[in-house]
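Given next are the chains, with one letter for each unit.
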Amino acid sequence: MDLLLDGFATALTPENLLFATLGVLLGTAVGVLPGIGPAMALALLLPVTYSVGPDSAIIMFAGIYYGGMYGGSTTSILLNTPGESSSVITAIEGNKMAKAGRAAQALATAAIGSFVAGTIATVLLWVLVPRVADIVVQLGAPSYFAIMLLAFFAVTMVLGSSKLRGFISLFLGLAIAMIGTQTGQARLTFDQPLLADGIDIVVVAVAIFAIGEALWVAAHLRRKPLEIIPVGQPWMSRSDWRRSWKPWLRGTAYGFPFGALPAGGAEVPTFLSYATEKKLSKHPEEFGKGAIEGVAGPEAANNASAAGTLLPLLTLGLPTTATAAVMLSAFEGYGIQPGPQLLDAEPGLVWGLLASLVIANALLLLINLPMAPLWAKLLRVPRPQLYAGILFFACLGAYTVNFQAFDLGLLLALGLLGLAMRRFALPVLPLIVAVILGPRLELQLTEALTISQGDVSTLWSEPVAIIVYALMALLAFVMGVGALRRRATETIIASRATESESDVEHESDVEQKESHR
Amino acid sequence: MSGDGTAAATTSPAGGAVDKAQYGMAGFLVLVGGYVLWDASTLTEGFADQPVHAYTFPYAIGAVLVALGVALAVATARGDRPQADDGEDVDLSQGTDLRTLGLLVAVLVGTMLTIDWLGWAITGALLFTGATWALGSRTWVRNLAVGTALSIGSWYGFYVGLGVPIPAGILDGVL
């Protein structure tokens, strides 16, 4: 408790409050801007960490994280084109509400729901982080190795629809992680002294998130502007409140555990929340036409899961979302080892972050409700300038790492890889996670086997390691069964599709639902 | 296990033509995997009792990459088509705009080649102007003005605000 109060003392200094406000504003702005998600925003802002102190930077990042989430929901409500997979559900009902003239209420229930979910989830983090850290700190190298394998497994197989593509992305990332001379011998350096220290994670993150995305959009830029629904001041009537508060709480209950699990993500809980609200609603006929419960629940789930991802990040050093992965690279930029020892080594930093989450959340509500009409204007930013600006800041970010023109070459090469990944539907997250965790996976394996003098059975000598391997086997089994069932459904659909061509619409609908399972 | 199951799972039931470009991606994977394997073969053994050698991971990663490349090629031949990434500003109904893409890559290559010589303040402004031009904006005077403001502003922002001295290039002494 004292530590938490210390955390608030850290977070409430005028300087850090300023950084939190800055983070929330920046986060919302980039969340609203099409084409920039919170992960890309954080990647572009990594250079800031070179001179700002770790506590201020992490506090600002917390603001960006929450702000970006909220901004993304604004975009999907007003544009009907979700920027991230976690806002797909919000776009369904939210945009219908906006079209029916209830944009203000949709934005309000999303904002207040995010606040409620974020606050509850943060309190859960206060309770859980120290307890989980106590358990985790006793784990040896074999358990840690197993947990990292689980993280790879989760981001590759559980998230995303194609396992083959997940593995391709994962192993490309591992290959990038091998570059350098960490083991004493030059690996994959092409005899290039500039590659001896490996490729800086900032360059990889900026290239894959910013350059890859900007090039991909540029190659497919929508030439006619999207229809944007005008919006006034967000507000909610008494009946909107009555219909929203239960979905907020249920959404939080779905979102947090999924976010906190190493195999989580935000897609599944938002989908579950939507299905639940549809079932429990007194107005089921409104679903699909703009039901407020269908915005309130999934938005709360989305935010609670975002907070939940901080649990594995802070206690295990495991990122389960792209945004968490970039936050992890910010920690590494400061020479802070995220992982079991983090809470012991840097209690001030961790508690400062946990306290600032509540502050960021409150700021978000205060700033965003009155400013919603202003944010909506951002949707009209001319696209050439927007994407040129992204390229500009991406190059600046990569250049400031070492002031080497060579890094800009790497940026372009990896950016083209990012472009190809989007073209061939390769997920980005496994690659980033592999680049960050790859070297540590090798280190933990070496450590475990050195202690056991080469005896491989040490890898399953700890109970936690056994549990993790069992969990992975279980997940693989469940997914294997799921794949077989999906194959069966698709055969049926395929035979139906050949009968009538007009089924295309319905079929893609089914596919989308399947991928959420 | 995964190669076989997923190939069928991701196959679009509607079928259609084979995505030939995806063979290129598969070839790239085999190439990268092959290089990783070759590189691993050049590494020497560490201490004899060392459990994990410097080449252990590269051998495993290279081999898997080659296998994944083959699996992707097989999946492609069986009609697997990627569901390309969607987004707010992405219009997938049109083909790939190679001209814009080529121009942007040229702008980025130009940035890389000139940054040591011209410094960030000039190169950054040219980067912004060139990129807006490539993306179809024709108000280039305004773009040049915005780009110059951005690059000089960011140079001073980093130098004064963050204490990060970005090399000034030929403007050394002027800025």
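Residues numbered from 1 in each chain as written. Chains lettered and ligands numbered in written order. Predicted model: local features only at pLDDT ≥ 70, side-chain atom pairs only at ≥ 80, totals over all residues.

1. Quick look at the overall build of chain A
Right, on to step 1. In terms of regular secondary structure, chain A is built from 20 helices and 0 strands.
Right, on to step 2. Looking at chain A residue by residue over its 517 residues, the buried ones come to 60%.
Right, on to step 3. Here the analysis covers contacts within chain A between residues at least 6 apart in sequence; of these, 81% occur between residues at least 24 apart. (Helix = DSSP H or I, 4+ residues; strand = E, 2+ residues; numbered from the N terminus. Buried ≥ 20, exposed ≤ 12 C-beta atoms within 10 Å, placed from the backbone. Contact = placed C-beta atoms within 7 Å.)

2. Let's talk about the overall build of chain B
Right, on to step 1. In terms of helices and strands, chain B carries 5 helices and 0 strands.
Right, on to step 2. Taken from N to C terminus, the helices and strands of chain B fall in the order α-α-α-α-α.
Right, on to step 3. Out of the 175 residues in chain B, the part that is buried amounts to 38%.
Right, on to step 4. Here the analysis covers contacts within chain B between residues at least 6 apart in sequence; of these, 65% occur between residues at least 24 apart.

3. Digging into the interface of chain A and chain B
When the parts come together, some accessible area is lost, and that loss is often what is quoted as the size of the interface.
Right, on to step 1. Facing 69 residues of chain A, the contacting portion of chain B comprises 70 residues.
Right, on to step 2. Looking at the side of chain A that touches chain B, the elements that each hand over two or more residues are α4 (54-79), α7 (163-178), α8 (201-219), α16 (383-402), α17 (405-423), α18 (429-451), α19 (463-499) and α20 (504-516) of chain A.
Right, on to step 3. In terms of residue count, the dominant contributor to the side of chain A that touches chain B is α16(A) (11 residues).
Right, on to step 4. Classifying every residue of the side of chain A that touches chain B by side-chain character gives 41 nonpolar, 17 polar and 11 charged. (Nonpolar A, V, L, I, M, F, W, Y, C, P; charged D, E, K, R; others polar.)

4. Brief notes about the nonpolar core
Residues and elements named next belong to chain A.
Right, on to step 1. Val206 and Leu411 are the most contacted members of the largest nonpolar core, which totals 222 residues.
Right, on to step 2. The element that contributes the greatest number of residues to this core is helix α5 (residues 88-136), accounting for 22 residues.
Right, on to step 3. For Leu411, the contacting residues outside a window of four places in its chain are Val203, Val206, Ala207, Ile211, Ala394, Cys395 and Ala398. (Core = buried A, V, L, I, M, F, W, Y, C linked by C-beta atoms within 7 Å.)

5. So, unusual backbone geometry
Right, on to step 1. The backbone of A:Phe190 sits at a positive phi, close to 55 degrees, despite the residue not being glycine.
Right, on to step 2. On the secondary structure map, A:Phe190 appears in the loop between α7 and α8.

6. A few points about the confidence of the model for chain A
All names here are of chain A.
Right, on to step 1. Per-residue pLDDT for chain A averages 83, and the proportion of residues at 70 or more is 91%.
Right, on to step 2. Across chain A, the secondary-structure element scoring lowest on mean pLDDT is α20, at 43, and the one scoring highest is α17, at 94.
Right, on to step 3. Here residues 500-517 is modelled with pLDDT under 50, and outside its nearest four sequence neighbours on either side it reaches 13 contacts, counting other chains as well. (pLDDT = per-residue confidence, 0-100.)

7. Examining the domain arrangement of chain A
Right, on to step 1. What the domain assignment reports for chain A is domain 1 (2-137 + 147-181 + 205-220 + 233-461) and domain 2 (462-517).
Right, on to step 2. For domain 1 of chain A and domain 2 of chain A, the distance between their C-alpha centroids amounts to 26 Å. (Domains from an automatic or database assignment.)

8. A look at the packing of α4(A) against helix α15 (residues 347-378) of chain A
Residue and element names in this part refer to chain A.
Right, on to step 1. Between α4 and α15, the shortest axis-to-axis distance is 8 Å and the interhelical angle comes to 35 degrees. For α4 against α15, the interelement crossing comes out right-handed.
Right, on to step 2. Taken together, the residues of the contact of α4 with α15 break down into 15 nonpolar, 9 polar and 1 charged. (Axes fitted to C-alpha atoms, helices over the stretch in contact; angles between N-to-C directions. Left-handed = near helix turned anticlockwise from the far one by under 90°.)

9. Brief notes about the packing of α5(A) against helix α9 (residues 238-260) of chain A
All names here are of chain A.
Right, on to step 1. Put simply, α5 and α9 touch, their axes get as near as 9 Å, and they point 40 degrees apart. Looking at the two axes, α5 sits oblique to α9. The two elements α5 and α9 meet at a crossing, and its hand is right-handed. In contact with Gln105, Thr109, Gly113, Val116, Ala117, Ile120, Ala121 and Leu124 of α5, α9 contributes Asp240, Ser244, Trp248, Gly251, Thr252, Gly255 and Phe256.
Right, on to step 2. In the contact of α5 with α9, the residues fall into 7 nonpolar, 7 polar and 1 charged. (Parallel < 35°, antiparallel > 145°, perpendicular 65-115°, else oblique.)

10. With respect to the environment of A:Glu227
Residue and element names in this part refer to chain A.
Right, on to step 1. Position of Glu227 relative to the elements: it lies in the loop between α8 and α9.
Right, on to step 2. Among the residues examined, Glu227 registers 9 C-beta atoms within 10 Å and is labelled exposed.
Right, on to step 3. The sequence separation of Glu227 and Leu78 amounts to 149 residues, and the corresponding C-alpha distance is 8.6 Å.

11. Side note on the confidence of the model for chain B
Right, on to step 1. Taken as a whole, chain B shows an average pLDDT of 83; of its residues, 89% reach a score of 70 or greater.
Right, on to step 2. Here the complex is predicted with pTM 0.83, and the ipTM for its interfaces comes to 0.87.

12. As for the environment of B:Leu43
Right, on to step 1. Mapped onto the secondary structure, B:Leu43 falls in the loop between α2 (21-41) and α3 (56-77).
Right, on to step 2. A residue is classified by how many C-beta atoms lie within 10 Å of it, and B:Leu43, with 18 of them, is partly exposed.
Right, on to step 3. When the C-alpha positions of B:Leu43 and B:Ala54 are compared, they lie 7.0 Å apart, and in sequence the two are 11 residues distant.
Right, on to step 4. Excluding residues that lie within four positions of it along the chain, B:Leu43 makes contacts with A:Gln185, A:Arg187, B:Ala54 and B:Tyr55.

13. What about helix α5 (residues 140-161) of chain B?
Right, on to step 1. Under the 1.5 Å per step criterion, the end-to-end length of α5(B) is 29 Å for 22 residues, consistent within 8% with the ideal 32 Å.
Right, on to step 2. Every buried residue of α5(B) is listed here: B:Asn143, B:Gly147, B:Leu150, B:Ser151, B:Ser154, B:Trp155 and B:Phe158. Along the axis of α5(B), the buried residues cluster in a sector spanning 120 degrees; they form a single face. Facing away from the buried side of α5(B) by more than 90 degrees, the exposed set consists of B:Val141, B:Ala149, B:Gly153, B:Val160 and B:Gly161.
Right, on to step 3. Against the buried residues of α5(B) lie α16 of chain A together with α4 (98-134) of chain B.
Right, on to step 4. Taken from the residues just after α5(B), B:Gly163 is the one with a positive phi, measuring 70 degrees. (Expected span 1.5 Å × (residues − 1). Arc of directions from axis to C-beta.)

14. Things to note about the environment of A:Ala372
Residue and element names in this part refer to chain A.
Right, on to step 1. On the secondary structure map, Ala372 appears in helix α15.
Right, on to step 2. Residue classification places Ala372 among the buried positions, given that 24 C-beta atoms sit within 10 Å.
Right, on to step 3. As a C-alpha pair, Ala372 and Val231 span 141 residues in sequence and 7.7 Å in three-dimensional space.
Right, on to step 4. Aside from chain neighbours lying at most four places away, what touches Ala372 is Thr74, Leu107, Val231 and Pro234.

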